[in-house]
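Take a look at the letters that make up each chain.
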Amino acid sequence: MAINEKRRKMPRPLAVADLLATALHGKPVEKRLQEGKIWLLWDGTVGPAIAAQARPTGFRDGVLTVTVANAPWMQQLTFLKRDIIARLNVRLGCDLVKDIYLRAGQPETQPVAVKSPPPPSRTLSPPERERVVEQTAAVANQELRDAIAGLLSKHLATEPPGRKK
């Protein structure tokens, strides 16, 4: 590549869900993948107030089973069923949900994502700094070499000292 030529911008990586949808297109399991999206779209479709009181718990033959916390919410959702079905199907991109069956019970709440603290970092030893220089020396572009060296240094700084890979 000549010095004045610009490298084409790389396309954005595809999400795993999109790759799966493409790979499974036209196969029987494609429908199961669509059904699984219901759980992912539920909170955004019904809003936080309903999501806190009602959760999808099953799906069979077009009927979505939703577990509802108490009778007042069950009555309220009975009136909202058609609207929820319509909104879910719009977000799914097809008429997958035909009906909603409301069931009394304690809906499982979404697990709260807990961020673990970053591993403690340390100062690299002289041999480790030398290793970073050696491993990045073949990269011709200075900016890219510096970026790779920074990432490698950060990675090594979070490992216990003396650990070999």
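It should be noted that the structure appears before, not after, this text.
This one's a predicted model, so the numbers in the text were calculated from it and none came from an experiment.

Caption draft 1: Here's a closer look at the pattern of salt bridges. Counted by the stated rule, this structure contains five salt bridges. In this structure, Arg82 engages Asp99 in a salt bridge whose closest nitrogen and oxygen atoms are separated by 3.7 Å. Taken as a pair, Arg82 in helix H4 (residues 71–92) and Asp99 in strand S3 (residues 99–104) lie far apart in primary sequence, 17 residues in all. Classification of Arg82 by relative accessible area gives exposed; the value is 55%.

Caption draft 2: Representation of the pairing of S3 within the structure. In terms of strand pairing, strand S2 (residues 63–68) meets S3 through six bridges, oriented parallel. Opposite Val66, over in S3, you have Leu102 as the bridge partner. Taken together, S2, H4 and S3 form a β-α-β motif whose crossover is right-handed.

Caption draft 3: Seen up close, helix H5 (residues 126–136). For H5, the complete set of buried residues consists of Glu128, Val132 and Thr136. One side of H5 holds all its buried residues, which, seen down the axis, span an arc of 60°. In this structure, H5 carries Pro126, Pro127, Val133 and Glu134 as exposed residues pointing more than 90 degrees from its buried face.

Caption draft 4: Representation of the environment of Thr78 in the model. In this structure, Thr78 sits in helix H4. C-alpha separation for the pair Thr78 and Leu102, spaced 24 residues apart in sequence, amounts to 7.7 Å. Within the structure, the side chain of Thr78 is placed 2.8 Å from the backbone oxygen of Met74, a separation counted as a polar contact.

Caption draft 5: Quick look at empty space enclosed by the protein. All chains considered together, the criterion is met by one cavity of 30 Å³ or more. Considering only enclosed or pocket space, the largest cavity measures out at about 30 Å³ in volume. Lining the largest cavity are Trp42, Val66, Leu77, Lys81, Ile84, Ile100 and Leu102. Among the secondary structure elements, those contributing two or more residues to the lining of the largest cavity are H4 and S3.

Caption draft 6: Structural view of unusual backbone geometry. Despite not being glycine, Asp61 has its phi angle at roughly 50°, a positive value. Topologically, Asp61 is positioned in the loop between strand S1 (54–60) and S2. Among the residues examined, Asp61 registers a relative accessible area of 70% and is labelled exposed.

Caption draft 7: Highlighting helix H6 (residues 142–158). Taking 1.5 Å as the rise per residue, H6 with 17 residues should run 24 Å; its terminal C-alpha atoms sit 24 Å apart, in good agreement. For H6, the secondary structure elements touched by its buried residues are H5. The residue sitting at the N-terminus of H6 and contributing the capping side-chain oxygen is Asn141; that oxygen lies 2.9 Å from the backbone nitrogen of Glu143.

About the thresholds
- In this convention, every chain numbers its residues from 1, walking through the sequence in written order.
- Since the coordinates come from a predicted model, pLDDT governs what is reported: local features require at least 70, and pairs of side-chain atoms require 80 or more to be given and counted, while whole-chain, interface and lining totals use all residues.
- Processing note: side-chain calculations cover all non-hydrogen atoms of the structure and skip hydrogens and water entirely.
- By convention in these notes, a salt bridge is any Lys or Arg side-chain nitrogen within 4 Å of a carboxyl oxygen on Asp or Glu.
- Under the DSSP-based scheme used, a helix requires at least four consecutive residues in state H or I and a strand at least two consecutive residues in state E, with every element numbered from the N terminus.
- Note on classification: 1.4 Å probe, protein chains only; a residue is buried when its accessible area is under 20% of the maximum for its type, exposed when over 50%, partly exposed between these limits.
- When DSSP finds two or more bridges between two strands, those strands count as paired.
- Consider the strands pointing away from the viewer: the crossover is right-handed when the path from the first strand over the helix to the second runs clockwise.
- Working note: the arc is built from the helix axis to C-beta atom directions.
- Whenever two N or O atoms come within 3.5 Å, that pair is a polar contact, provided that in protein one can donate a hydrogen and the other can accept it, and provided that, for residues adjacent in sequence, both atoms are side-chain atoms.
- Cavities and pockets are defined on a 1 Å grid built over the protein atoms alone: a cavity is a set of grid points where a 1.4 Å probe fits but cannot escape, while a pocket is an open set with protein on both sides within 12 Å along at least five of seven lines, and lining residues are those with an atom within 4 Å of any such point.
- Grid points are joined across faces, edges and corners, and a volume is the space filled by probe spheres set on the points.
- For a helix, the expected span equals 1.5 Å multiplied by the residue count minus one.
- A contact between two residues is defined here by any heavy atoms of the two lying within 4.5 Å.

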